[in-house]
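# Per-entry structural report
Here is what each chain is made of, one letter per residue.
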Amino acid sequence: MALPARLIATLGRHPDDLTEDDLQRAVDSQIPEGVDLDWKKDFYPGTDAGKKELAKDVCAMANTAGGMVVIGVDDGKQDHAHALDPCEPVQGRGEEWIRSVLANWVQPVVPHVGVRSVKSGNQAGKVYWLLTVPPSTQTPHAVAAPGNDYNFRVHVRHGTTTRTLAESEIAQRYRDRFQAATDDVDRLHQVATSGLGYLSAYLGSTDHGRRPRVNDYPGWLTLAAVPAVRGAYPLTTQAEREAAFDRFATLAQAAITTNARPHRPVLVGRRQVRFEGIPTGQLHQDGSYYAARPINIRSSHHDLEGPRILYHRGLELDLVTLVQASAAWAAESGAAGDLMISAALHRFDDSNAPVHLRVSEHSFNDGPPAPLPPTPAQTTANLAAIINDKREAVVTACALASDLLADMGAHQPSVLTSDGDILLARLGDHRHHLTGWSD
């Protein structure tokens, strides 16, 4: 979960790893409250007023910069950690109750709020509650009682307190949200265009006097991705680029295939890491990503002069792998929120000739000849969901594959399903390529 860097530096470690000893050190150091940190002595009452207070605290964090609410640390009315005072657990008011309140009292719901209890070792049976709130791309989040959609308030953190936004400020927040969505589309187009230009130059070049690479690989699958909440990965020096490359290579190795794992050398780029070969791609310092792999286009053995054949079973698996790799890099950079993804098929042999779609080399059922889709397929997925569940990557890749293949006359992907399954029985000899997938 992406949280303010200042908060992590202040606490000495990520909130997900905090212990009672860390909270005691916060008291000893008198760590102050701030725009991203709120110490609370008492747990929220089960009344409507208590529920509203919980919703307000979480909304204020999400509407500002993200942060953490710590319950069980008394601020002594001095706006800093004053004393540990863990809570007595209340039957029926634990994590499930907190999430239920947030689901019913917040519009729109704040995504990915972390709810964690820490047992006290000094006071038996008592606990601390840590609520971690990532910065949100869906602001403004408003507080409203269930069924009362016409009476809501929007809160933000203001120093160590919470204040309510005026109507004009709320309107500006909505304008900012819509502008951010436009900026994401523009950034995605920029990443895809830059990556495609780089790929074109690579394929048009020669190696040691040999023929251009495009002669061997005329067709390519490309994938560009941009996170809604941008990351920040240091890529200024060669040492930083080498370290980023090595880390990404390790992450890409853990995808369902190893086909997104880059090869050396690590090439210099402005605020990015570049790599060439199969795959070719770019890792941007803000968590954006571009990668390309060849697609399997071959001449028909039975009709050498007729339309070529595009085999799409391997293409579908590559889409899953590239989706996983893009999410891994975004998360590594500290990005959060949704991931906007664009996938496209390209030919670089100056040909727009139609091709037959065929599932695999062992299938002989061809669709009608059609050119590669002229426009990319695009979807939006949740970054954290893809990181935590391979099936979410399959769902995302299936949506992209469905759009691309539909433009060429295919009813649906061959091996990917919209439920997140890979139909292993249809993989045949491709099954051994799955290094990160189990039945």
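What you see is a predicted model, and the numbers here were worked out from it, not measured in a lab. (Residues numbered from 1 in each chain as written. Predicted model: local features only at pLDDT ≥ 70, side-chain atom pairs only at ≥ 80, totals over all residues. Heavy atoms only, no water.)

### Section: the sheet that holds strand S7 (residues 127–133)
Test applied: When DSSP locates at least two bridges between a pair of strands, those strands are taken to pair. Numbering of helices and strands starts at the N terminus; helices are DSSP runs of H or I of at least 4 residues and strands are runs of E of at least 2. Only the contacting stretch of a helix is used when fitting its axis, a line to C-alpha atoms as for every element, and angles between N-to-C directions run 0 to 180 degrees. Only heavy atoms matter for contacts: two residues are in contact if any of them lie within 4.5 Å across the pair.
Pairing is mixed in the open sheet, where four strands are placed in the order S1-S2-S7-S6. Taken across any chain shown, the strands that pair with only one partner, and hence form the sheet edges, are strand S1 (37–40) and strand S6 (114–119). Geometrically, the sheet is characterised by an average inter-axis angle of 15° between neighbouring strands, direction not taken into account. Across six bridges, S6 lies against S7 in antiparallel orientation. The residue bridging Arg116 from the neighbouring strand is Leu130, located in S7. Sheet strands touched by helix H4 (residues 95–105): S6 and S7. Its angle to S6, the strand with the most contacts, is close to 155°.

### Brief notes about the pattern of salt bridges
Put simply, the rule reads: Put simply, a salt bridge is a Lys or Arg side-chain nitrogen that is within 4 Å of an Asp or Glu carboxyl oxygen. Throughout this description, buried means an accessible area under 20% of the type-specific maximum (1.4 Å probe, protein chains only), exposed means over 50%, and partly exposed covers the range between.
A full pass over the atoms with the stated rule returns 17 salt bridges. Taking the shortest distance from any N to any O, the salt bridge between Arg25 and Asp22 comes out at 2.3 Å. You can see Arg25 and its partner Asp22 sitting in helix H2 (residues 20–28), three residues apart, about one turn around the helix. Where Asp57 meets Lys40, a salt bridge forms, and the shortest distance between an N and an O atom there is 3.3 Å. In this pair, Asp57 is assigned in helix H3 (residues 48–63) and Lys40 in strand S1, connecting sequence segments 17 residues apart. Residues Asp57 and Lys40 agree in their burial class; the two are buried. Within the structure, one salt-bridge network assembled from shared partners comprises Asp184, Arg187, Arg230 and Asp286.

### A look at H2
Defined as follows: Here the arc refers to the set of directions running from the helix axis out to each C-beta atom.
Residues of H2 that are buried: Glu20, Asp22, Leu23, Ala26 and Val27. End-on view of H2: buried residues confined to an arc of 160°, all on one side of the axis. Opposite the packed face of H2, turned more than 90 degrees from it, sit the exposed residues Asp21 and Asp28. Where H2 is buried, its residues meet S1, strand S2 (67–71), strand S3 (73–74), strand S4 (83–84), S6 and S7. Positive phi appears at Gln30, one or two residues downstream of H2, with a value of about 50°.

### Examining the packing of helix H7 (residues 313–332) against helix H9 (residues 390–406)
As a reminder, the rule being used: Note that the term roughly parallel is reserved for angles under 35 degrees, roughly antiparallel for angles over 145, roughly perpendicular for angles of 65 to 115, and oblique for everything else. By the definition used in this description, the sense in which the near helix is turned from the far one sets the handedness, with an anticlockwise turn below a right angle giving left-handed and a clockwise turn giving right-handed. Residues are sorted three ways: Asp, Glu, Lys and Arg are charged, Ala, Val, Leu, Ile, Met, Phe, Trp, Tyr, Cys and Pro are nonpolar, and all the rest, Gly among them, are polar.
Orientation of H7 relative to H9, taken along the N-to-C sense of each, is 130°, at an axis distance of 8 Å. The angle between H7 and H9 places the two elements in the oblique class. Here H7 and H9 pass one another in a crossing that is right-handed. Seen from H7, the contacting residues are Glu316, Leu319, Val320, Val323 and Gln324; seen from H9, they are Lys390, Ala393, Val394, Thr396, Ala397, Leu400, Ala401 and Leu405. Classifying every residue of the contact of H7 with H9 by side-chain character gives nine nonpolar, two polar and two charged.

### Quick look at unusual backbone geometry
Between Arg264 and the following residue, Pro265, the backbone shows a cis peptide bond with an omega angle of 10°. Examined against the element boundaries, Pro265 turns out to sit in the loop between helix H6 (238–253) and strand S12 (267–269). Backbone torsion omega between Ile278 and Pro279 reads 10°, so that peptide bond is classified as cis. By the secondary structure assignment, Pro279 is in the loop between strand S13 (272–275) and strand S14 (280–284). Not every positive phi belongs to a glycine, and Lys77 is a case in point at roughly 55°. Looking at the element boundaries, Lys77 is found in the loop between S3 and S4. Even without a glycine there, the phi angle at Asp79 is positive, about 60°.

### A short note on the packing of H6 against H7
With their axes 9 Å apart at the nearest point, H6 and H7 run at an angle of 135° to one another. The angle between H6 and H7 falls in the class oblique. When you trace H6 past H7, the crossing you get is right-handed. Counted together, Ala244, Arg247, Phe248 and Leu251 of H6 and Ala325, Ala328, Trp329 and Glu332 of H7 form the full contact between these two elements.

### Some words on the pairing of S2
For clarity, the cut-off: Crossovers are marked right-handed if the path from the first strand over the helix to the second runs clockwise, as seen with the strands pointing away from the viewer.
When you tally the buried positions in S2, you get five out of five residues, the bulk of the element. Burial along S2 is two-sided: Gly67, Val69 and Ile71 and Met68 and Val70, pointing in opposite directions, are all buried. Strand direction decides the pairing type here: S1 and S2, joined by four bridges, are parallel. Considered in S2, the bridge of Trp39 is made with Val70. Viewed along the sheet, the connection from S1 through H3 into S2 turns out right-handed.

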